[in-house]
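Chain and residue survey
So the chains spell out like this:
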Amino acid sequence: MAKTIDQHFDDLRGTRVWRSIFRSGTGSSTLKRALAIQQNVFLHLFSTKVRSRMLSFSATWYLGTLTLGTFLILVATGIPLMFYYHPSVPQAYADTKDLQFVVSSGLFLRNLHRWSAHAMVFLVFAHMFKVFYRGAYRAPREFNWVIGVILLLMTLLLSYTGYLLPWDQLAYWAITVGSNIASAVPVIGEKIHFLLLGGNAVNANALLRFYVLHCMILPLAAMFFVAIHFWRIRKDGGLYSHDSEPATVRAKAKTSVATNAVTAKEAQ
Amino acid sequence: MADETKTIGDLNNDVNRRQFFLTLGLGSLGIATAGTAAFAYQYLDPNVLYEPSPVVNEGKPDRYPLGSVTIDVNSGIYIIHSDEGYFSLSAVCTHLGCMTAWKPELNLIACPCHGSKFEQNGKKIEGPAPKPLPWKRIWLNDDGDLLVDRSTDVPALARDSFVRV
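Rules used in this analysis
Residues numbered from 1 in each chain as written. Chains lettered and ligands numbered in written order. Predicted model: local features only at pLDDT ≥ 70, side-chain atom pairs only at ≥ 80, totals over all residues. Contact = placed C-beta atoms within 7 Å. Helix = DSSP H or I, 4+ residues; strand = E, 2+ residues; numbered from the N terminus. Nonpolar A, V, L, I, M, F, W, Y, C, P; charged D, E, K, R; others polar. Pairing = 2+ DSSP bridges. Axes fitted to C-alpha atoms, helices over the stretch in contact; angles between N-to-C directions. Domains from an automatic or database assignment.

Once that is clear, we can look at the interface of chain A and chain B. Accessible area lost when the parts come together is the quantity often used to give the size of an interface. Taken together, the contacts link 12 residues of chain A with 9 residues of chain B. Take the side of chain A that touches chain B: its biggest share by element is 5 residues, from helix H9 (residues 169-182) of chain A. Its residues placed into classes, the side of chain A that touches chain B shows 5 nonpolar, 7 polar and no charged.

This part covers the sheet that holds strand E2 (residues 69-72) of chain B. Residue and element names in this part refer to chain B. Spatially, 6 strands are ordered E1-E10-E9-E4-E3-E2 in an open sheet, and the strand pairing comes out antiparallel. Of all strands in the sheet, those with a lone pairing partner are strand E1 (55-57) and E2, marking the two edges. On average, each strand axis in the sheet is inclined to that of its neighbour by 30 degrees, with strand direction left out of account. Here E2 pairs with strand E3 (residues 77-82) via 4 bridges, running antiparallel.

What follows covers the domain arrangement of chain B. Per the domain assignment, the segments making up chain B are domain 1 (2-44) and domain 2 (55-161). For domain 1 of chain B and domain 2 of chain B, the distance between their C-alpha centres works out to 60 Å.

Residue and element names in this part refer to chain B. In the sheet, E1 pairs with strand E10 (residues 146-154) via 3 bridges, with the strands oriented antiparallel. Residue pairing across strands places Val-56 opposite Val-148, the latter belonging to E10. Here 6 bridges tie strand E9 (residues 135-140) to E10, and the two strands are oriented antiparallel to one another. Its bridge partner being in E10, Ile-138 is matched across the sheet by Val-148.

Next comes the structure, spelled out in structure tokens:
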């Protein structure tokens, strides 16, 4: 009898090479499935078990996952864009136009990067509204809300630094205005402005600094905080579900004890 | 034996070997951290800037007819020929650094970004701008050209803030 695809896959999962990479091995018992999550460097950030109702669309509208999705698209499209973009005053605008009109698929990659960036900002806010109105920011998840606010700032800073890179009039004046807002900080404002731009005006140094921030420092920092954000979901007891919150469970237990007491009295 | 050690420890102000090395280690780590922070700050603070000179040559005074307001967009300044003489005004809005423009039909200076308005002498009329447009030092060089130092503010409407030819 011919083997099914599933059986072939099970055979593959039983091989020595596969087992050397994925320790959990074959089988679909609860233990094996839990191990598959727990022993994977990426998946171990998440809970090994999730209530199926928490994965329903209505629970979260998948806003956090969609935000991660746009972030991954931004990384995947941003790196190829770096191959054609020189962060220098004479070349930046010309390279942007080349990407738009000359480079094969350049238009597609650049537009995908741009629209994903817009979508990410929108989704981050939508995610925060959803979390806020469900009350999922409350104890024990307060710290993850704080991490989320940091991630919101990261998202906005990534948008802001990326805005300068096309080096057109819109970018130039937006960054002039934006960096002047930093000067409004008491006492150290002017110094922050000077360090951010690497000079007194938006110029070659500012372009290079924003490029390094946009392509290296901020994405790495964002990944760092995203990892903490996901790990905290597990540490704070999984995705928020009102029925499973300790306070709700305790309140329910109290009510049922009281009800039992009343029933016992009536029986006497 | 144990008592002896204790006595020696007491004589040395209760610092035993473990505490000593812990303090030494944390102390050097702290110094290294502070040093790294200072090093990083100095590195990120440019010592040399390849920016345009703050002093710009605006040419012969007769380029500017009486009553004219002329913007030099590249330098971000106005050259204004008033009845009192020539003076120079920063064209950079004091709100958030946009380039203002002279509106001859309205007889005022306006900022396109957030709508601040200034008089011809830099005085603020309205808008989010917190301060008037600063006056800049202006003088004639030996060749008879008008020079403006963009890095030096001078008092508005003061006698010495004008150039008379």
